[in-house]
Amino acid sequence: MKKPLVVLLTICFHFLCLAQEKPNIVLLFADDAGYADFGFQGSKEMKTPNLDKLASQGVRFTQAYVTHPTCGPSRAGLITGKYQYRFGYEENNVPTYMSKVSAVDGPEMGLPLGEVTMADYLKEQGYVTGFFGKWHLGGADRFHPTKRGFDEFYGFRGGARSYFEYTESPKEPLNKMERGFGNFEEHNGYLTDALAQETSEFLEINGKAKKPFFAFLSFNAVHTPMDAKAEDLDQFPHLMGKRKIVAAMTLALDRAIGKVLDKLKELGLDENTIVVFTNDNGGPTDANASSNHPLSGIKATHLEGGIRVPFLMKYPGTLKPGSVYEKPISTFDLLPTFYTAAGGNSKKLKGLDGVDLIPYLTGKTKGRPHETLFWKRDARAAMRKGDWKLIRFPDRPAELFYLPEDERELNDLADSEPERVRKMYKELFAWETTLERPRWLLKKVYERRDVERTDAFWPKDKPD
């Protein structure tokens, strides 16, 4: 009878060890997607079966925020786990769009070398790290992903490029495809598909080697240019113009995500992998016909449509499938969440603004992950304190909204709540005094354009 007992104990020990393995981590990051443009967000136009399935397997967040309403700063906040304003990454880093007096331009606009990244922290915990797709955190060699904690890189250093192969060198050199460091080679086919293929190969190699991995799949979809495959366009005969193209691009995005999720399942890793899907900022409706319904505002604005994004998290055995989390969170929470899941103690990390979300999602910790959140650029700023949101403008008095009853921000309560406005305004300014000045500056004309976009995509009657 002893032999069966030994076998049983061996089996139990084997499964106990499996249960204690570090979870793999896959971060799926879209670019310029609309808040409403997914089936799990209620869209009847878009076809996103793979993401809808992911939503049913994990947690859907209804009040997930980015740290900034444009690409570069938002990514800097996510990857460092803190407000990027703390190290001067306040304005978007787009070559040739910068002021003549900007301190730097072009490839010199990058994540400061003193900042520790999500990949750096996970490597400390024994993870193999890979980055695939759009970097946009600095084009100079010293800012390269392989010098910022990533073991592997396949993508482009810049902010936007064609989805199809360049037959000639692009106008912006930072948008050339690159494998590893300095090996420039254009992809074959459609870029969204190519990024999924490269990521899947990374999962397979490290999954079979039984190494815990972190894969950051940073799509450029559905950012402009509006490039789509003919067969994807054919799936939307009832749509026209840019709306048709963005639907096709979203379908390709979902297909690519499905390929990665299927690879995890094929490798038997899906039950030991944290998967997160989110987006870098609100959809730029005026550029790519994305929809942020029912929210007001678009990319580059501090209205909810500029800073609130779709967000899903699957963590088998820890998070309840098909659940919804309704308290405010931020993308800078991902770093401490991943680090803790990897076996680290995020409370020992210095200077973070993010928190480990898991205790809140499981109910172990009550209350909100954040009582207060901030955003700013130049003279514009916004602050959420509890359920109240203050928006400061450069061309009019500040406005105040109570989001549970007014998520579209149509009913300004500043006149009826003057003391609340005063206190929030002073707290916002006090926070700003703790920040660094911007490391680079956009031409002032873009600030005016963003204010104009705020008005254009804010459906309420405003007095002159």
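Residues numbered from 1 in each chain as written. Predicted model: local features only at pLDDT ≥ 70, side-chain atom pairs only at ≥ 80, totals over all residues. Heavy atoms only, no water.

Participant: Could you give an account of the packing of aromatic side chains, with specific residues and numbers?
Facilitator: One pass over the full model with this rule turns up 32 aromatic pairs. Between Tyr 85 and Trp 431, the ring centres sit 5.6 Å apart and the planes meet at 85°, which makes this aromatic pair edge-to-face. Taken together, the residues span a long stretch of sequence, with Tyr 85 in the loop between helix H3 (71–80) and helix H4 (118–124) and Trp 431 in helix H12 (residues 418–432) at a distance of 346 residues. Comparing Tyr 85 with Trp 431 shows no difference in burial state: the two are buried. Chaining the aromatic ring pairs together yields one cluster made of Phe 29, Phe 131, Trp 135, Phe 150, Phe 153, Phe 214, Phe 216 and Phe 338. Cation over ring: Lys 47 sits above Phe 236, and NZ or CZ is 5.1 Å from the ring centre. The ring of Phe 184 carries the charged tip of Lys 176 above its face, separated from the ring centre by 4.6 Å. (Phe/Tyr/Trp six-rings, centres within 6.5 Å; stacked < 30°, edge-to-face > 60°. Helix = DSSP H or I, 4+ residues; strand = E, 2+ residues; numbered from the N terminus. Buried < 20%, exposed > 50% of the residue type's maximum accessible area, 1.4 Å probe, protein only. Lys NZ or Arg CZ within 6 Å of the ring centre and 35° of its normal.)

Participant: Account for the sheet that holds strand E10 (residues 308–309), naming residues and giving values.
Facilitator: Paired through backbone hydrogen bonds, the strands of a sheet run either parallel or antiparallel to each other. Spatial ordering of the open sheet is given by E10-E3-E13, a layout of 3 strands whose pairing is mixed. Where the open sheet ends on each side, the last strands, each with one partner, are E10 and strand E13 (329–330). Across 2 bridges, strand E3 (residues 64–65) lies against E13 in parallel orientation. Note that in E13 the partner of Tyr 65 across the bridge is Ser 330. (Pairing = 2+ DSSP bridges.)

Participant: Tell me about unusual backbone geometry, and please be specific about residues and values.
Facilitator: Residue Val 222 is bonded to the preceding Ala 221 through a cis peptide linkage, with omega at 10°. Structurally, the position occupied by Val 222 is in the loop between strand E8 (213–218) and helix H6 (230–233). The omega torsion across His 293 and Pro 294 is 5°, close enough to zero to call that bond cis. Considering the arrangement of structural elements, one finds Pro 294 in the loop between helix H8 (285–288) and helix H9 (304–307). One non-glycine residue with positive phi stands out, namely Asp 32, at about 65°. Along the chain, Asp 32 falls in the loop between strand E1 (24–30) and helix H2 (49–57). Residues other than glycine seldom take positive phi values, yet Glu 409 does so here, at roughly 60°. Here Glu 409 is to be found in the loop between strand E17 (399–402) and H12. Its relative accessible area of 0% is what places Glu 409 among the buried residues.

Participant: Give me the packing of H2 against helix H7 (residues 241–266): which residues, what numbers.
Facilitator: Relative to each other, H2 and H7 sit at 55°, their axes nearing to 7 Å. Between H2 and H7, the angle is such that the two are oblique. Contacts from Pro 49, Asn 50, Leu 51 and Leu 54 in H2 reach Asp 254, Arg 255, Ile 257, Gly 258 and Leu 261 in H7. (Axes fitted to C-alpha atoms, helices over the stretch in contact; angles between N-to-C directions. Parallel < 35°, antiparallel > 145°, perpendicular 65-115°, else oblique. Contact = heavy atoms within 4.5 Å.)

Participant: Mind laying out the confidence of the model for the chain, listing which residues take part and the relevant values?
Facilitator: On average, residues of the chain score 95 in pLDDT, and 95% of them reach the 70 mark or higher. Within the chain, the element-level pLDDT minimum falls on helix H1 (residues 2–19), averaging 47, and the maximum on strand E11 (residues 311–314), averaging 99. (pLDDT = per-residue confidence, 0-100.)

Participant: Can you break down empty space enclosed by the protein residue by residue, with the values?
Facilitator: As enumerated under the stated definition, the model contains 2 cavities of 30 Å³ or more in all. Considering only enclosed or pocket space, the largest cavity measures out at about 50 Å³ in volume. Forming the walls of the largest cavity are His 302, Leu 303, Arg 380, Ile 391, Arg 392, Phe 393 and Thr 454. Across the lining of the largest cavity, the residue classes break down as 3 nonpolar, 2 polar and 2 charged. Within this model, the second largest cavity holds a volume of roughly 40 Å³. What lines the second largest cavity is simply Arg 75, Ile 79, Phe 131, Trp 135, Leu 137, Phe 216 and Ser 218. Taken together, the elements giving at least two residues each to the lining of the second largest cavity come down to H3 and E8. Looking at the lining of the second largest cavity residue by residue, the classes come out as 5 nonpolar, 1 polar and 1 charged. (1 Å grid on protein atoms, 1.4 Å probe; cavity = no way out; pocket = protein on both sides within 12 Å on 5 of 7 lines; lining within 4 Å. Points joined across faces, edges and corners; volume = space filled by probe spheres on them. Nonpolar A, V, L, I, M, F, W, Y, C, P; charged D, E, K, R; others polar.)

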